[in-house]
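Residue strings, one per chain:
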Amino acid sequence: MEAKLMALRRGMLEPVVLATVEHHQRYAGEIAERLRAAGFPVQDGTLHPLLNRLRREGLVVHEWHESPTGPPRKYLTLSEDGRVQLEQFRAYFHTLASMLDSIGR
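The following refers to the structure shown. (Residues numbered from 1 in each chain as written. Predicted model: local features only at pLDDT ≥ 70, side-chain atom pairs only at ≥ 80, totals over all residues. Heavy atoms only, no water.)

So, on to the pattern of salt bridges. Applying the stated rule across the entire model yields 6 salt bridges. One salt bridge in this structure joins arginine 53 and glutamate 14, with 2.8 Å as the shortest N-O distance. Taken as a pair, arginine 53 in helix α3 (residues 44-56) and glutamate 14 in helix α1 (residues 2-20) lie far apart in primary sequence, 39 residues in all. For arginine 53, a relative accessible area of 28% gives the class partly exposed. Put simply, aspartate 44 and arginine 36 hold a salt bridge, and the shortest N to O gap is 3.5 Å. Arginine 36 gets classed as partly exposed once you look at its relative accessible area, which sits at 41%. A network of salt bridges, in which partner residues are shared, links Glu14, Arg53 and Glu57. (Salt bridge = Lys/Arg side-chain N within 4 Å of Asp/Glu carboxyl O. Helix = DSSP H or I, 4+ residues; strand = E, 2+ residues; numbered from the N terminus. Buried < 20%, exposed > 50% of the residue type's maximum accessible area, 1.4 Å probe, protein only.)

Structure below.
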């Protein structure tokens, strides 16, 4: 069962990352911390390529900010296309959850 749950989580990575930057600019380390704090395990080796792809697809935009502890950081936030896609993910997720709840009745 754990392998099936892991596959489901992998499929949810993009929507939860988009949700993480919906209201606040965050850099990759903050995104990973927020996901882990919420109980969503994520590896840096998985997160960084996803963030780069989301940026290339125009779903997130970035700004460089100076860091008090090292080099500048790339802060990400949702673009308008990212907001649309996140809402589509949410609507589809609610549809799936409703289907799962009602299918056996």
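Let us now look at the packing of α1 against helix α4 (residues 80-102). Where α1 meets α4, the axes come as close as 10 Å, and the angle between the chain directions of the two elements is 125 degrees. If you check the angle between α1 and α4, you find them oblique. In this structure, the crossing between α1 and α4 has a hand that is left-handed. Counting all contacts with α1, which are made through Met12, Glu14, Pro15, Leu18 and Ala19, the residues of α4 involved are Gly82, Gln85, Leu86, Phe89, Arg90 and Phe93. Grouping the constituent residues of the contact of α1 with α4 by class yields 7 nonpolar, 2 polar and 2 charged. (Axes fitted to C-alpha atoms, helices over the stretch in contact; angles between N-to-C directions. Parallel < 35°, antiparallel > 145°, perpendicular 65-115°, else oblique. Left-handed = near helix turned anticlockwise from the far one by under 90°. Contact = heavy atoms within 4.5 Å. Nonpolar A, V, L, I, M, F, W, Y, C, P; charged D, E, K, R; others polar.)

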